[in-house]
Structure formats: structure tokens, C-alpha cells
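Residue-level structure breakdown
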Amino acid sequence: MVILTLIGKFKAIAAPIDNLPVITLSGTPYERGVAHGQKLKEQIKQVYIKWKQNIEKETKQDPDSIIYHFLKTSNYRQAIKKYTPEIWEEVEGLAAGSGQSLNDVFAFQLIDEYWGYLDRLQHNSIDKDHCTAIGIAGNGNTPTLIAQNIDIDNFMNGYQVLLHIKEEKATPEQFIMSCAGFIGFSGMNNKNVAVVINALTDLNNSITGLPVTFVTRGILQQKAPHEALDFVQKVKHATGQNYLIGTPDKVYTFEASANQVVQFNPRDNNVVYHTNHSLNNHDVKPWMEEYHKRILSGQGKQTNSQTRFSSVERQLAAQALTLNAGNIKQILSSKENSQSPICVSYREEGVAFTFSSVIFSLGNRPMAEITMGPPDTNAYKKYFLEM
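Residues numbered from 1 in each chain as written. Predicted model: local features only at pLDDT ≥ 70, side-chain atom pairs only at ≥ 80, totals over all residues. Heavy atoms only, no water.

So, about the packing of aromatic side chains. Under the criterion given, the structure shown has 18 aromatic pairs. Look at tyrosine 48 and tryptophan 51: their rings are 5.6 Å apart centre to centre, the planes differ by 65 degrees, and that puts the pair in the edge-to-face class. Linking tyrosine 48 with tryptophan 51, this pair stays in helix 2 (residues 41-59), spanning 3 residues, or about one helical turn. The pair tyrosine 48 / tryptophan 51 is uniform in exposure class, with both members buried. Note on phenylalanine 70 and tyrosine 117: the rings are 5.3 Å apart at their centroids and 50 degrees apart in plane angle, and the pair reads as tilted. (Phe/Tyr/Trp six-rings, centres within 6.5 Å; stacked < 30°, edge-to-face > 60°. Helix = DSSP H or I, 4+ residues; strand = E, 2+ residues; numbered from the N terminus. Buried < 20%, exposed > 50% of the residue type's maximum accessible area, 1.4 Å probe, protein only.)

The following block contains the structure:
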């Protein structure tokens, strides 16, 4: 049985949008994917067209040929079927329900892996300084909070959607912030697990590892915090990524690359934060070694990622005694550096923007607070999970 509810309307516009569409899905993984595809069929068609137009704009080549070569020169499916077979079934259902080809639907899930593909073809060609993440461990007065500005390509503007997956025997209830035709950027479940992510494009990739989106969904499939922490450390990772994971009493960041997973732990798992450069994981691409050394030395011109990292660190230190959801919202709405803002406005001539800002609150009443667009101009709305 599939239960599906759609709240709100999709409009691909730049102005603030108040109503975030919410899809509630239940049933088998395949049924969930079919329902997603059927209900958002037109929106998926639209955003996939814009995605391919974006590929053509960036590569100056036929997008279908690029997608074909990208998939042909990698082998992610084996790892997906090993670690997250149920999520692969969801992708198959999404293709069936939307009427899009399985290859297109699959490739659309591989955002970070596609960036890695382009970087392999032309070293150091990818400048994807996206996403700022913060985590604050719970204490007697405040539940654990993990948060992120999801910064992504402009073509996804207006196609935001919140996936609400209902609990089944093998699946926890989940809120997953996503885009039409995509299985998820970040999320939380009703088993006291939440995850947000940051791209680390300086780290080594593997064309046979588990892609980022499937790692994220695999974390949210876990039914206990220790299982989520074990999962992120045991899988073979396809792409350099930081996974910030919240549990009821601790917060963690794991810098994952093709060959290792290393914690970045600035404050004893009580306060963590990250942007888009690796700090403790030194498994870097050969052509990124000088960049990595410069980042660690603190010398030279500050990158976008370094600037945002320093801003978050400074603002967290200034509010150390009163850290709460309100402080996090203030930080994630910050534009104290106009060239490298934490909150990125949508501009028609721009490349990327803050697609959504999310705050996941764990504890007795798990809650997601989410914006549809940049948080400085769009209000956070509350969504609650059942325990």
C-alpha cells in the first residue's frame, strides 16, 4: 500500500516561496519511488531538462553523451546494491513512476560523483564551494541540533520538496530535504539520527564506492545512533564528503574519502562545524596536494570555504554560552562577507544559491525546521516526526 500526500505547489521562480511541497510516502522502497515519480512527473521532467541544459552549458558538449560516458566509466551500482539495496529499488521505482530513463534518474542522484568525474577529466577544474554545516550536542536544556545551508546549482530553484517517509518494518520514519526527482540531500529519522553533508572536492574519489546520496540515505536507514556511526565508517566511499551526524547526546563530523574516514572534532563532540575543505583527512588528490598544504598552513588568499569556516567559528565562539536554534538561524542567514557569504541569495546570473536551510532537532519530539530558499528571506517552517 502506498500513501501519498502532496502539500504546496511547485513554481520555478526566484521570489520567496512560503509553501514547501511535502510528499508523504509509504510502502516498499520501489513503491515509494514510483509514487514520488508519478506525483511529481511534470516537475521531474522540467528539472531534468534544466539539468541537461546546465551540463551542456558547463561542458559545451551533448549532455546525453556526457551522462553516458560518466556512467560507463564508473561502477557505483555494485556498492549501492551491497550497502543500500533498498535505496536502489527506490531509484528504480522513481524511474518507472516518472517515465524518465533509469540512466538519467541514476545520474541525477550522483551530483558529487559527477563533479568528481569532471575533475578527473580536467584536474582542479571544479569549484564547488557549497554548504555550511553546524552541530550542537544536546544537554539538559537544549536537544541536539544539526543544521546546514544546502547550496546547490541554480537550475534546481523552485523544485524543492520535503520527502516524508513513513515507518515500515525495515525503514524508520524520515524527513528528507530534496529536489523533485532526487532522493535526498540531508535528513533525520525517528530513531535519534540526523545527517547533513559538505562536499570535500580535494579528497580522493573511487569509481567503485558508495555515492554520497546513498551514504546519506543509508545513514538514515539505521535504527540506532551507533548503527549510523558504524555505517558511515565501514562503507567504501565514492566521493570526498563530510558527514555531520547528530545523536541525542553527541555530534560528529566524518571526513570521508576513497581510502579512509577521519573524524574532525574541534570541541569534544559537543560543537562541530564544517564547510568545504578537508582538515583531518589528508587522502587528497595528487593535483590538490599543494592546495591542501596551503589550506592547512593558513597562508595565502582565503578561499570561499575558509572564509565561511572562519565566520562560523567566530560566531559560534561569540555565542558559546547561549547556543540554540535561534543562534544557528542567525549564523546560517549571515552575509558578513559579501564575496563569500554563508547565506547565498538566488541571482538569475548566478551559478548556485542556498536552495534550503535545515535545522534538525533530536530528542523527545524530533523536529525539522526548513526554509524553501535562502534563510534571510524565507521563514523556517516546523515539521514533526513521531517517536
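Okay, empty space enclosed by the protein next. Overall, the coordinates contain 4 cavities of 30 Å³ or more when judged by the stated rule. If you add up the space inside the largest cavity, you get close to 180 Å³. Breaking the lining of the largest cavity down by element, the ones donating at least two residues are helix 2, helix 3 (63-72), helix 6 (102-109) and helix 7 (111-121). Top element by residues in the lining of the largest cavity is helix 2. It accounts for 4 residues. Taken together, the residues of the lining of the largest cavity sort by class into 12 nonpolar, 1 polar and 3 charged. Approximately 150 Å³ is the volume attributed to the second largest cavity. Looking at the second largest cavity, it is lined by 18 residues, and the ones nearest its centre are Asp112, Cys131, Phe185, Ile197 and Gln241. Breaking the lining of the second largest cavity down by element, the ones donating at least two residues are helix 7, strand 4 (145-153), strand 8 (194-199) and helix 8 (212-221). The dominant element in the lining of the second largest cavity, judged by the number of residues it contributes, is strand 4, at 4 residues. Each residue belonging to the lining of the second largest cavity can be placed in one class, and the counts come to 10 nonpolar, 6 polar and 2 charged. (1 Å grid on protein atoms, 1.4 Å probe; cavity = no way out; pocket = protein on both sides within 12 Å on 5 of 7 lines; lining within 4 Å. Points joined across faces, edges and corners; volume = space filled by probe spheres on them. Nonpolar A, V, L, I, M, F, W, Y, C, P; charged D, E, K, R; others polar.)

Moving on: the packing of helix 2 against helix 6. At a minimum axis distance of 12 Å, the contact between helix 2 and helix 6 shows a crossing angle of 70 degrees. In terms of orientation, helix 2 lies roughly perpendicular with respect to helix 6. Taking contact as the criterion, the partners of Val47, Tyr48, Trp51 and Lys52 in helix 2 are, on helix 6, Asp104, Val105, Ala107, Phe108 and Gln109. Of the residues assigned to the contact of helix 2 with helix 6, the class counts are 6 nonpolar, 1 polar and 2 charged. (Axes fitted to C-alpha atoms, helices over the stretch in contact; angles between N-to-C directions. Parallel < 35°, antiparallel > 145°, perpendicular 65-115°, else oblique. Contact = heavy atoms within 4.5 Å.)

Okay, the pattern of salt bridges next. In this structure the tally under the stated criterion is 11 salt bridges. Taking the shortest distance from any N to any O, the salt bridge between glutamate 167 and lysine 191 comes out at 3.0 Å. One end of the pair, glutamate 167, is in the loop between strand 5 (160-165) and strand 6 (174-179); the other, lysine 191, is in the loop between strand 7 (186-189) and strand 8, with 24 residues separating them in the sequence. Judged by relative accessible area, which is 25%, lysine 191 ranks as partly exposed. Of the charged contacts, one joins lysine 329 and glutamate 369 as a salt bridge, the two residues approaching to 2.7 Å between their closest N and O atoms. Taken as a pair, lysine 329 in helix 12 (residues 325-332) and glutamate 369 in strand 14 (residues 367-370) lie far apart in primary sequence, 40 residues in all. Accessibility expressed as a relative area gives 6% for glutamate 369, which makes it buried. (Salt bridge = Lys/Arg side-chain N within 4 Å of Asp/Glu carboxyl O.)

Right, let's get into the pairing of strand 12 (residues 271-274). Taking every second residue as pointing to the same face, both faces of strand 12 are buried, with Val271 and Tyr273 on one and Val272 and His274 on the other. Judged from the 4 bridges that link them, strand 3 (residues 132-136) and strand 12 form a sheet pairing that is antiparallel. Bridge pairing links alanine 133 to histidine 274 in strand 12. (Pairing = 2+ DSSP bridges.)

Polar side-chain contacts of glutamate 369 include one of 2.7 Å to the side chain of lysine 329. Leaving out residues up to four positions away in the same chain, glutamate 369 has contacts with Ala325, Lys329, Ser357, Val358, Ile359, Tyr380, Lys381 and Lys382. (Polar contact = N/O pair within 3.5 Å; in protein donor to acceptor, adjacent residues only side chain to side chain.)

With that settled, the discussion passes to the sheet that holds strand 12. Strand order in the open sheet formed by 6 strands is 12-3-4-13-14-15, with antiparallel pairing between adjacent strands. A strand with exactly one partner marks an edge of an open sheet, and here the two such strands are strand 12 and strand 15 (381-384). This sheet shows a mean twist of 15 degrees between the axes of neighbouring strands, independent of strand direction. Here strand 13 (residues 352-361) pairs with strand 14 via 4 bridges, running antiparallel. Within the sheet, the bridge partner assigned to valine 358 lies in strand 14 and is isoleucine 370. The strands that helix 12 touches are strand 3, strand 4, strand 13 and strand 14; relative to strand 4, the one it contacts most, it runs at about 20 degrees.

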